[in-house]
2 protein chains.
Amino acid sequence: MFEAATLGRTVARHEYDAEVSRLRWQLLDAQRSLREARFPALILFGGVDGAGKSETVHLLNEWMDPRWLINRAFDDPSQDELERPRFWRYWLTVPPRGSMGLFLSAWYSAPLMDRVMRRTSRAEFDEALDQIVSFERTLADDGAVILKFWMYLDKKAQRQRLRALERNPLTRWRVSAVQWEHWRMYDRFVSVTERLIQRTSTRDAPWIIVDGSDERYRSLVVGTRIREVLTARLETSTAAVPAQAARRRVRRSVPARQRGASGRTLVDRVDREQSLLDSLDMSRALSKAAYRIALERQQGRLNMLQRQAEVDGRSLVLVFEGWDAAGKGGAIRRVTAALDPRVYRVIPVAAPNDEERSRHYLWRFWRRLSRAGRVMIFDRSWYGRVLVERVEQFATEAEWSRAYAEINEFEEQLTDHGIVIVKYWLHITSEEQERRFKERASTPVKSWKLSDEDWRNRAKWGQYELAVNDMVARTSTRNAPWHLVEANDKNYARIKVLRIANAALKKALA
Amino acid sequence: MFEAATLGRTVARHEYDAEVSRLRWQLLDAQRSLREARFPALILFGGVDGAGKSETVHLLNEWMDPRWLINRAFDDPSQDELERPRFWRYWLTVPPRGSMGLFLSAWYSAPLMDRVMRRTSRAEFDEALDQIVSFERTLADDGAVILKFWMYLDKKAQRQRLRALERNPLTRWRVSAVQWEHWRMYDRFVSVTERLIQRTSTRDAPWIIVDGSDERYRSLVVGTRIREVLTARLETSTAAVPAQAARRRVRRSVPARQRGASGRTLVDRVDREQSLLDSLDMSRALSKAAYRIALERQQGRLNMLQRQAEVDGRSLVLVFEGWDAAGKGGAIRRVTAALDPRVYRVIPVAAPNDEERSRHYLWRFWRRLSRAGRVMIFDRSWYGRVLVERVEQFATEAEWSRAYAEINEFEEQLTDHGIVIVKYWLHITSEEQERRFKERASTPVKSWKLSDEDWRNRAKWGQYELAVNDMVARTSTRNAPWHLVEANDKNYARIKVLRIANAALKKALA
């Protein structure tokens, strides 16, 4: 795999200087165009110690405008990072659209070292690589340009390089017993690296193997490839602008199939007949007396279970989705009333701010993840992507269609980390919603809860119902199942919410 | 101090119900007005265990619109929090303008407990309280409404309350040996609390002592006070809107005293004669040969010292300010070239994004603070407040005038935490700047560095010079001194920057 990288190509000083002054200009130009583009660029550097990874990053900082470059090198994870899923710290450093991130020792380091040191099996290694592929694909699908350079040296060249680093007082610190130990394991590194590159070199995030032995040569190769890939991508994305504009226009008009009597088409009605939601027994209710007894009992259990979970370092994520006026807020307050205020956070999800909008839509949920042993309560959630964003056409069909898989992968990373996820759809009938809206409108202390938007959403009941059915069908997984809660009766719904959380916690702690 | 809080006032059920329905409406109304306002509200709850702190927070969440309420309760600090200055986690939770934060066990807890348990001396306690006063004043000066409720129970009432909590299975967990131990130390708590309240009850952030024995009474008191204070403040701030608008108009026209020949007035010229900057020997330079030797030597030292600092958990903050084209970027790259990419971050400071704009201007610097043992390099910094924001009138005179003290306090918290701060002003002469601008304009690879804004800023050289002089005079402290760097010669400047960083690190590690 690395044969081509050992041909010992060099570049003469004068050639290099001439080429670099052109290249810098082109890179700056590409960077400037990138500023206007709706996507980020991630450039990752891996490879052999001494092959010039950090030197290259340093050089790119000199060549380009550092204000729009983000440099990240990752150390061993901190305590706070260890308390989150593995990709948490990587998600948080994804550069915003329009800028470029240069990554050193990033998400490839730990899987590679673990496998070289035989701390993981080959199957575990492959699984870790698959997670990386999925992470990169998620970003690439959202538009990110991803380029990965593997800086290579053969065994002899590495020894020479390490010796040279040792001789220089400025770089001596970079060579310790660890580097020499790795050098002695050179062949092991090569075989693990080959597998790593094979399995993670994808169309959207390819590896480029660079001969690291000649500084000028490797610098030119890296700079040129970045320029090529960026330029090509910027051209495509410019060409795509009219399509984008077209999409925006579409959003504002209602597509033909969604019109029709009472806002529902035949297709909607047919789908509704098979609706999961229609299968619920909406007459379920609980008397006030029974509610009071059950509430105290379930809150007491939740409190006990959560404290046990805290000791075990297990976090709980509760996702509340449901129709407007279905009683999410009231149900959430019955949960929080049972908990120590220090351990929970209620995260109300509204429109993203500009920092959030400039990233992948999952970024703002990643950043909210708490440390171990806590409770995160999402009042609406990442499912907005496949509900409101789908129905209101804020997301394209391609975007919301692939969101199901992205969400499943996101939740899998949480549950793999030991986080317990419980997802509720609070369901009320259309008639009950109308009754509650009218009650809200006529009760001063409740009228703030009702906006014109609620009435507008209500007119799209059929479309939302389709979206809910698809969502439940496609994202109810064994580890993060959806629970449909019959919520025409608030007492019944609140107790069911608590019971489900308790059952999930109990199962997880068993 | 607490006598008035033990009168045992109660409210009858029907009175309470009538009052609450009015109060809720008024609170919602105030909350809605707050959304439009340019300030946040911080409501803090302290007091005796069992006096109803968390119950009150819970109730306020039920009464108001939870989307604009932020609830925060603080546990023992996490490892990542311990690695930052004490107020880091509080700064990060300051609610954005237009919203309200409810705080439990916040910045008062640790100083109170430490003093009760005699882990701190009275002088240390007072110092901790002074820091709180300064933190709250900083927020209040920026417009924040701050209200603090001390929920009180006398010794007998507390015993009754703790027993009642123990009897209820849902609240039993809240009473452990710790609470009873505290109860036995009741008198000690009272005397420490009295001092705490006396010293931290300020005009802008007053304590309100609330009799916690009757639930209905205390709920009404808290709700009513929040309504009163918010309403009063919203009225004042509405009245102030014309003044704000006027300020904005002023910004766009150039005030008379700033006009005149070559953009400088007499006042400017007089001030310039006493300028610190003029006292610099701008002819200082270093030959290329001497530079190369010194560079290698200083970078080697920096690398060694930083690794020592990392072991000791000491972070280094480098602040780079200077004229446009003074060579900040080049100097920064000579620093980073000496460092392991995992330990440093370069933080380029441009216009704030909307998440940042909705907080105190220092918030975005607080959130950038790294864990212990790292290097943070600010390419421009919080000093923008007293430089560009002053000169361009983005900040009012009141705002930039008080910024000096705010910045000194901010930096003091960093240095108290063991962080080493080094601040550079890279100085070039006006002539040298002109030469560099022209060179940039005519060199393709450099032309991106030059914008029309640079020429506009240049026209305000005199005003900036005044601002720089004030800044250095008012914020050069023993622990966080300014270093003026003669930067007409880049070699000389880069070596001086490295030397100063090394000297500061060496002194700190001694």
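Residues numbered from 1 in each chain as written. Chains lettered and ligands numbered in written order. Predicted model: local features only at pLDDT ≥ 70, side-chain atom pairs only at ≥ 80, totals over all residues.

## Regarding the pairing of strand β3 (residues 100-104) of chain B
Residue and element names in this part refer to chain B. The element β3 is largely enclosed, with a buried count of 4 among its 5 residues. Note: strand β2 (residues 69-73) against β3, 5 bridges, orientation parallel. Each residue of the ladder has a partner; that of A73, found in β3, is L104. (Buried ≥ 20, exposed ≤ 12 C-beta atoms within 10 Å, placed from the backbone. Helix = DSSP H or I, 4+ residues; strand = E, 2+ residues; numbered from the N terminus. Pairing = 2+ DSSP bridges.)

## Quick look at the interface of chain A and chain B
With 46 residues of chain A in contact, the opposing surface of chain B contributes 46 residues. Where the side of chain A that touches chain B is concerned, the elements lending two or more residues are α1 (13-36), α2 (53-63), β2 (69-73), α3 (79-82), α13 (288-312), α14 (328-336), β7 (344-348) and α15 (354-357) of chain A. (Contact = placed C-beta atoms within 7 Å.)

## So, helix α21 (residues 461-475) of chain B
Counted at 1.5 Å a residue, the expected span for α21(B) with its 15 residues is 21 Å, and the 21 Å between its end C-alpha atoms agrees. Those residues of α21(B) that fall on the buried side of the exposure criterion are G462(B), Q463(B), E465(B), V468(B), M471(B), V472(B) and T475(B). (Expected span 1.5 Å × (residues − 1).)

## Topic: the nonpolar core
In terms of nonpolar packing, the biggest core is built from 115 residues, with L318(B), V335(B) and L426(B) touching the most fellow members. Residue contributions to this core reach at least three from each of two domains, namely domain 1 (3-239) and domain 2 (260-273 + 314-489) of chain B. When near neighbours in sequence (up to four residues on either side) are disregarded, V335(B) contacts L302(B), L318(B), I377(B), V497(B), L498(B) and A501(B). Core analysis: the next-biggest nonpolar cluster, separate from the first, contains 114 residues, M151(A), V192(A), L302(A) and L318(A) among them. (Core = buried A, V, L, I, M, F, W, Y, C linked by C-beta atoms within 7 Å. Domains from an automatic or database assignment.)

## Some words on the relation of the copies chain A and chain B
You can overlay chain A on chain B at an RMSD of 0.0 Å; the transform is a turn of 180° with a shift of 0.0 Å along its axis. With respect to symmetry, the two chain copies, as superposed, fit the operation of a two-fold axis. Interface overlap between copies is the fraction of interface residues in one copy that are interface residues in the other; for chain A against chain B it reaches 100%, indicating a shared surface. (Least-squares fit on C-alpha atoms with pLDDT ≥ 70 in both.)

## Some words on the environment of T429(A)
Residues and elements named next belong to chain A. On the secondary structure map, T429 appears in the loop between β9 (420-427) and α19 (430-442). What makes T429 partly exposed here is the crowd of 16 C-beta atoms within 10 Å. Separated by 152 residues in sequence, T429 and L277 have C-alpha atoms that sit 9.3 Å apart. Filtering out sequence-adjacent residues up to four positions away, T429 remains in contact with M282 and N488.

## Brief notes about the confidence of the model for chain A
Residue and element names in this part refer to chain A. Residues of chain A with pLDDT of at least 70 account for 92%, and the chain-wide mean is 89. Mean pLDDT across the elements of chain A bottoms out in helix α11 (residues 241-252) (38) and peaks in strand β6 (residues 316-322) (98). A low-confidence stretch, residues 240-273 stays under pLDDT 50, and its non-local contacts, those more than four residues away or across chains, total 22 contacts. The ipTM, which scores confidence in the relative placement of chains, is 0.79 for this predicted complex, and the corresponding pTM is 0.84. (pLDDT = per-residue confidence, 0-100.)

## Quick look at the domain arrangement of chain A
Residues and elements named next belong to chain A. Domain boundaries in chain A define domain 1 (3-242) and domain 2 (280-509). Taken over C-alpha atoms, the centre of domain 1 sits 40 Å from the centre of domain 2. Listed per partner, the contact involves 16 residues of domain 1 and 15 residues of domain 2. The greatest single-element share of the side of domain 1 that touches domain 2, amounting to 4 residues, is contributed by helix α6 (residues 122-141). In terms of residue class, the side of domain 1 that touches domain 2 is made up of 8 nonpolar, 2 polar and 6 charged. (Nonpolar A, V, L, I, M, F, W, Y, C, P; charged D, E, K, R; others polar.)

## Description of the pairing of β9(A)
Within a regular beta strand, the side chains point alternately toward one face of the sheet and then the other, so they alternate between its two faces. All names here are of chain A. A large share of β9 lies buried, amounting to 8 of its 8 residues. As paired elements, β6 and β9 share 7 bridges and run parallel to each other. By the bridge assignment, G322 is partnered in β9 with L426. Across 5 bridges, β9 lies against strand β10 (residues 482-486) in parallel orientation. When the bridges of β10 are listed, Y424 appears paired with H483.

## As for the sheet that holds strand β5 (residues 207-211) of chain B
All names here are of chain B. Across the sheet, which stays open at both edges, the 5 strands sit in the order β2-β3-β1-β4-β5 with parallel pairing between neighbours. If you trace the sheet from one side to the other, it starts and ends with β2 and β5, each paired once. When strand polarity is set aside, the average angle formed by the axes of neighbouring strands in this sheet is 20°. Where strand β1 (residues 41-47) and strand β4 (residues 145-152) come together, 7 bridges link them in parallel fashion. Paired with F45 across the strands is F149, a residue of β4. (Axes fitted to C-alpha atoms, helices over the stretch in contact; angles between N-to-C directions.)

## With respect to the environment of W363(A)
Residue and element names in this part refer to chain A. Here W363 is to be found in helix α16 (residues 363-366). Counting along the chain gives 120 residues from W363 to H483, while the straight-line C-alpha distance between them is 25 Å. Look past the residues within four positions of W363 in its chain and what remains in contact with it is W91, V94 and E356.

## Concerning the packing of α14(A) against helix α22 (residues 490-509) of chain A
Packed helices, taken two at a time, are described by their axes: the angle between them and the distance between them. Residues and elements named next belong to chain A. It is at 9 Å that the axes of α14 and α22 come closest, and there the two elements cross at 45°. Between α14 and α22, the angle is such that the two are oblique. Helix-helix and strand crossings are classified by hand; for α14 and α22 the assignment is right-handed. On the side of α14, the interface is formed by G330, A331, R334 and V335, while α22 contributes K490, A493, R494, V497, L498 and A501. Split into classes, the residues belonging to the contact of α14 with α22 amount to 6 nonpolar, 1 polar and 3 charged. (Parallel < 35°, antiparallel > 145°, perpendicular 65-115°, else oblique. Left-handed = near helix turned anticlockwise from the far one by under 90°.)

## Describing the environment of V133(B)
Residues and elements named next belong to chain B. Inspection of the secondary structure puts V133 in helix α6 (residues 122-141). You can call V133 partly exposed: it has 15 C-beta atoms within 10 Å. Taking the C-alpha atoms as reference points, V133 and D204, 71 residues apart in sequence, are found 9.6 Å from one another. Setting aside residues no more than four positions away along its own chain, V133 makes contact with T200 and T202.

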